[in-house]
Amino acid sequence: GSTDQFRCLFCGYGAVSERSERLNQKRGSSSVNPEILVEFKQILAGPHGDTKHLYLVGGSLRDRDAEAERYLELIRAAIEAEPSYRGAVGIGSQALSRPWLEQLREAGAGYACFNLEVWDPDLWDKLCPGKAKFIGREAWLQGLQDAVAVFGRGAAYTALVAGAELVPPLGLKSAEEAIASNIEGANWLLSRGIVPLHSPFSPAITSEYDKASLPGIDYFLRLNLETWKVRQKHRLPAESRHICAGCTYAQLECDLDR
């Protein structure tokens, strides 16, 4: 079937674009263009300024092993170019298996962020059809728990798209129901050492949800505040070694922690 039918309903992430063509990426291929890899290493070997961590991300492949190979190649290149980044490189991939996570940690990765997008199990299957089909929610949650086992408590993250869970007709029926669902998820995640991060719903113009209404700012602020209270209870701030107010442009977790 068409690749589009497996995209998250709000997302255009990783779609073939001018940027992917510039990087000479081929749909379904995990290999990194050698010239781009050289350029990547040259950039990392230059002056860092205030940069203290790297977050590698860029869509997903249906083949989890192939995707893990891509991240392994990039992490090895990053550490070869600048050894001080060891332990400060994050993996923004799909949920990977524990053997791959151990290899990635050995190569120099220090944390992982496997994005659930939405907590509610029924909604997850509907909003994230590719993740549901090719991995499954239980395997995704296991990947997050494996990331805690490999990288440590507080070094596993998952992003949730705040507001996607309210879009009709599939979504939850009220803001109260959505807050309750997210707080249930926050308690489950944080009790296992996984830190949830919230991004405001901003659907891609090429997605099924491109005309969907955005939730009010009051919903986003309240969701962040209620989740912050749960993080306080579990003593899990957003770790500055992995994520900081300087590199988050829409998330509020680091600002609330300050």
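Whatever comes next refers back to the structure up there.
Just so it is clear, the model here is predicted, and its values are computed rather than measured.

## Some remarks on unusual backbone geometry
Part 1 of the argument: Of note, the bond from Pro168 into Pro169 is cis; its omega dihedral lies within 30 degrees of zero at 0 degrees.
Part 2 of the argument: With respect to the helices and strands, the residue Pro169 is situated in the loop between β4 (156-162) and α8 (175-190).
Part 3 of the argument: For Glu117, which is not glycine, the phi dihedral falls at a positive 75 degrees.
Part 4 of the argument: Here Glu117 shows up in the loop between β3 (109-113) and α5 (121-127).

## A look at the pairing of strand β2 (residues 89-92)
Part 1 of the argument: Alternating residues of β2 divide into Val89 and Ile91 and Gly90 and Gly92, and every residue in both groups is buried.
Part 2 of the argument: Pairing of strand β1 (residues 54-57) with β2, which is carried by four bridges, proceeds in the parallel orientation. If you follow Tyr55 over to β2, its bridge partner there is Gly90.
Part 3 of the argument: Here three bridges tie β2 to β3, and the two strands are oriented parallel to one another. When the sheet's bridge partners are listed, Val89 is paired in β3 with Ala109.
Part 4 of the argument: In this region the chain leaves β2, passes through helix α4 (residues 98-107) and returns to the parallel neighbour β3; the handedness of that crossover is right-handed.

## Things to note about helix α7 (residues 137-151)
Part 1 of the argument: Taking 1.5 Å per residue as the helical rise, α7 with its 15 residues ought to reach 21 Å, and the 21 Å between its terminal C-alpha atoms agrees with that figure.
Part 2 of the argument: Every buried residue of α7 is accounted for by Arg137, Trp140, Leu141, Gly143, Leu144, Asp146, Ala147, Val148, Val150 and Phe151.
Part 3 of the argument: A positive backbone phi angle near 110 degrees is found at Gly152, which sits one or two residues after α7.

## Quick word on the side chain of Ser207
Part 1 of the argument: Considering the arrangement of structural elements, one finds Ser207 in the loop between β5 (194-200) and α9 (217-234).
Part 2 of the argument: A distance of 3.4 Å separates a polar atom in the side chain of Ser207 from the backbone oxygen of Leu9.

## Observations concerning the packing of aromatic side chains
Part 1 of the argument: A full pass over the atoms with the stated rule returns five aromatic pairs.
Part 2 of the argument: Ring centres 6.1 Å apart and planes at 80 degrees place the aromatic pair Tyr111 and Tyr157 in the edge-to-face group. Of this pair, Tyr111 sits in strand β3 while Tyr157 sits in strand β4, and the two are 46 residues apart along the sequence.
Part 3 of the argument: Among the residues examined, Tyr157 registers a relative accessible area of 2% and is labelled buried.
Part 4 of the argument: Consider the rings of Trp119 and Trp188, whose centres lie 5.7 Å apart with planes at 45 degrees: the pair is tilted. Within this pair, whereas Trp119 is found in the loop between β3 and α5, its partner Trp188 is found in helix α8, the two being separated by 69 residues in sequence.
Part 5 of the argument: Trp119 sits in the buried class, given a relative accessible area of 6%.
Part 6 of the argument: Here Arg137 stacks its cationic end above the ring of Trp119, 4.5 Å away from the centre of that ring.
Part 7 of the argument: Arg192 extends its terminal NZ or CZ atom over the ring of Trp188, reaching a point 3.9 Å from the ring centre.

## Digging into helix α3 (residues 64-81)
Part 1 of the argument: Its 18 residues give α3 an end-to-end C-alpha distance of 26 Å, which sits within 8% of 26 Å, the value for a rise of 1.5 Å per residue.
Part 2 of the argument: When we look at burial in α3, the residues that qualify are Ala66, Glu67, Ala68, Arg70, Tyr71, Leu72, Leu74, Ile75, Ala77, Ala78, Ile79 and Ala81.
Part 3 of the argument: One side-chain oxygen of the residue at the start of α3 lies 3.0 Å from the amide nitrogen of Asp65, identifying that residue as Asp63.

## As for the pattern of salt bridges
Part 1 of the argument: This model, assessed by the stated rule, comprises nine salt bridges.
Part 2 of the argument: Measuring nitrogen to oxygen at the nearest pair gives 3.0 Å for the salt bridge that ties Lys41 to Glu80. Taken together, the residues span a long stretch of sequence, with Lys41 in helix α2 (residues 34-44) and Glu80 in helix α3 at a distance of 39 residues.
Part 3 of the argument: The class for Lys41 is partly exposed, based on a relative accessible area of 25%.
Part 4 of the argument: Look at Glu80 and you get exposed, because its relative accessible area is 58%.
Part 5 of the argument: The closest approach of N and O atoms between Arg222 and Glu176, which form a salt bridge, is 2.7 Å. Of this pair, Arg222 sits in helix α9 while Glu176 sits in helix α8, placing them 46 residues apart in sequence.
Part 6 of the argument: Judged by its relative accessible area of 49%, Glu176 falls in the partly exposed class.

Thresholds, definitions, all that
- Residues numbered from 1 in each chain as written.
- Predicted model: local features only at pLDDT ≥ 70, side-chain atom pairs only at ≥ 80, totals over all residues.
- Heavy atoms only, no water.
- Helix = DSSP H or I, 4+ residues; strand = E, 2+ residues; numbered from the N terminus.
- Buried < 20%, exposed > 50% of the residue type's maximum accessible area, 1.4 Å probe, protein only.
- Pairing = 2+ DSSP bridges.
- Right-handed = clockwise from strand over helix to strand, strands pointing away.
- Expected span 1.5 Å × (residues − 1).
- Polar contact = N/O pair within 3.5 Å; in protein donor to acceptor, adjacent residues only side chain to side chain.
- Phe/Tyr/Trp six-rings, centres within 6.5 Å; stacked < 30°, edge-to-face > 60°.
- Lys NZ or Arg CZ within 6 Å of the ring centre and 35° of its normal.
- Salt bridge = Lys/Arg side-chain N within 4 Å of Asp/Glu carboxyl O.

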